[in-house]
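What follows is each chain in one-letter form.
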Amino acid sequence: MAIRRILKLGDETLRKTSRPVAEVDKRIKVLLDDMAETMYAADGVGLAAPQVGVLRRVVVIDVGDGLLELINPEIIAAEGKQTNAEGCLSVPGRRGDVERPEKVTVRAMNRRGKEIEVTGEGLLAIALCHELDHLDGIVYVDKVVGELRGEEE
Ligand code: NI
């Protein structure tokens with residue numbers, strides 16, 4: 001496992017659309033391992049592959065309930081609304097309020113190539129939406145309601 005460099009807002013790679021993974025090969029497994037290590041080392045709750053410069057549809061999330069590894073994730077159901085402060089490892093020292101669904105269900109593939117479904121409410125719903133957005137070149141700052149602010153404000 002290795003810690004990878006996290007790209008910062010302004011890097012063009014963060015604005016590109018990531019390609020689906022056809023097969024979960026060794027390379028993708030190493031990517032998943034490295035992404036988890038990088039996320040934990042940076043004290044984040046989620047990380048998407050484009051943030052480490054890899055334009056593949058892969059995300060890792062851990063909001064405190066264990067590691068989720070999602071390959072080719074898609075939102076298949078969403079309900080309700082919540083507005084909460086978000087931050088992003090690619091936008092250090094900043095936070096801003098974003099409106100998201102209260103509950104989402106995501107279909108994805110796990111590292112064994114098996115189809116899985118994950119339903120998340122609250123913080124997990126936010127993390128799922130936030131990380132999936134990265135796969136389409138969307139950064140939360142695009143959706144901030146009001147001002148982007150410093151972390152301590
Ligand atoms: Ni982010």
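Quick caveat, the model's predicted, so the values are computed rather than measured. (Residues numbered from 1 in each chain as written. Predicted model: local features only at pLDDT ≥ 70, side-chain atom pairs only at ≥ 80, totals over all residues. Heavy atoms only, no water.)

### Focus: the environment of glutamine 82
Worth spelling out the cut-off: A run of DSSP states H or I qualifies as a helix once it reaches four residues; a run of E qualifies as a strand once it reaches two. Both are numbered from the N-terminal end. Only heavy atoms matter for contacts: two residues are in contact if any of them lie within 4.5 Å across the pair. Contacts described as polar in this section are N or O atom pairs within 3.5 Å, which, within protein, must combine one atom able to donate a hydrogen with one able to accept it, while residues neighboring in sequence count only if both atoms come from side chains.
Its place among the elements puts glutamine 82 in strand S4 (residues 82-88). Separated by 20 residues in the primary sequence, glutamine 82 and glutamate 102 have C-alpha atoms spaced 5.3 Å apart. Not counting residues up to four positions away in its chain, the partners in contact with glutamine 82 are Val98, Glu99, Arg100, Pro101, Glu102, Gly122, Ala125 and Ile126. From its side chain, glutamine 82 meets the backbone oxygen of glycine 122 in a polar contact 3.0 Å long.

### Considerations on the side chain of glutamate 69
Here glutamate 69 shows up in strand S3 (residues 68-79). If near-sequence neighbours (up to four positions away) are discounted, glutamate 69 is found in contact with Leu32, Val59, Val60, Met109, Asn110, Arg111 and Ile116.

### A look at the environment of isoleucine 126
Just so we agree on the cut-off: Exposure categories follow from relative accessible area, calculated using a 1.4 Å probe and restricted to protein chains: below 20% of the type maximum is buried, above 50% is exposed, and the middle band is partly exposed.
With respect to the helices and strands, the residue isoleucine 126 is situated in helix H2 (residues 123-134). On the accessibility criterion, isoleucine 126 (8% relative accessible area) is buried. Along the backbone, isoleucine 126 and lysine 103 are 23 residues apart, and their C-alpha atoms lie at a distance of 8.5 Å.

### Details of the sheet that holds strand S5 (residues 91-100)
Short version of the rule: Pairing between two strands requires that DSSP report at least two bridges joining them. Interaxial angle, 0 to 180 degrees, is taken between N-to-C directions of lines fitted to C-alpha atoms, where a helix line uses only the stretch in contact.
On the basis of which strands lie adjacent, the open sheet formed by three strands has the order S4-S5-S8 and antiparallel pairing. A strand with exactly one partner marks an edge of an open sheet, and here the two such strands are S4 and strand S8 (145-150). Taken pair by pair, the neighbouring strands of this sheet meet at an average axis angle of 20°, ignoring direction. Note that S4 and S5 share six bridges and pair antiparallel. In the sheet register, glutamate 86 faces S5, and the bridge partner there is glycine 96.

### A closer look at the sheet that holds strand S6 (residues 103-109)
Judged by pairing direction, the sheet is antiparallel, and its five strands sit side by side in the order S1-S2-S3-S6-S7 without closing on themselves. Each end of this open sheet is capped by a strand with a single partner; those strands are strand S1 (46-48) and strand S7 (115-121). Pairwise comparison of adjacent strand axes, ignoring direction, gives a mean angle of 35° for this sheet. As defined by bridge partners, S3 adjoins S6 across six bridges and the pair is classed as antiparallel. Residue pairing across strands places glutamate 74 opposite arginine 107, the latter belonging to S6. Sheet strands in contact with helix H1 (residues 26-41) are S1, strand S2 (58-61) and S3, and its direction is about 35° off that of S2. Contacts from H2 reach S1, S2, S3, S6 and S7, with the element oriented near 125° to S7.

### A look at the environment of glycine 122
Positionally, glycine 122 belongs in the loop between S7 and H2. Its relative accessible area of 16% is what places glycine 122 among the buried residues. For the pair formed by glycine 122 and glutamate 74, sequence separation is 48 residues and the distance between their alpha carbons is 18 Å. Once residues within four sequence positions are removed from consideration, glycine 122 is found in contact with Gln82 and Glu102.

### A look at the coordination of the nickel ion
Convention followed: With water excluded from the atoms, a metal site may look incomplete; its donors are any N, O or S atoms within 2.8 Å, or within 3.2 Å for Na, K and Ca.
Within the protein, the nickel ion binds to Cys88 (SG), His130 (NE2) and His134 (NE2); these donor distances fall in the range 2.1 to 2.2 Å. Going along the chain, you hit the donors of the nickel ion in the pattern C-x41-H-x3-H. Of this pair, cysteine 88 sits in strand S4 while histidine 134 sits in helix H2; the two residues are 46 residues apart in sequence, bridging distant segments of the chain. Histidine 134 gets classed as buried once you look at its relative accessible area, which sits at 1%.

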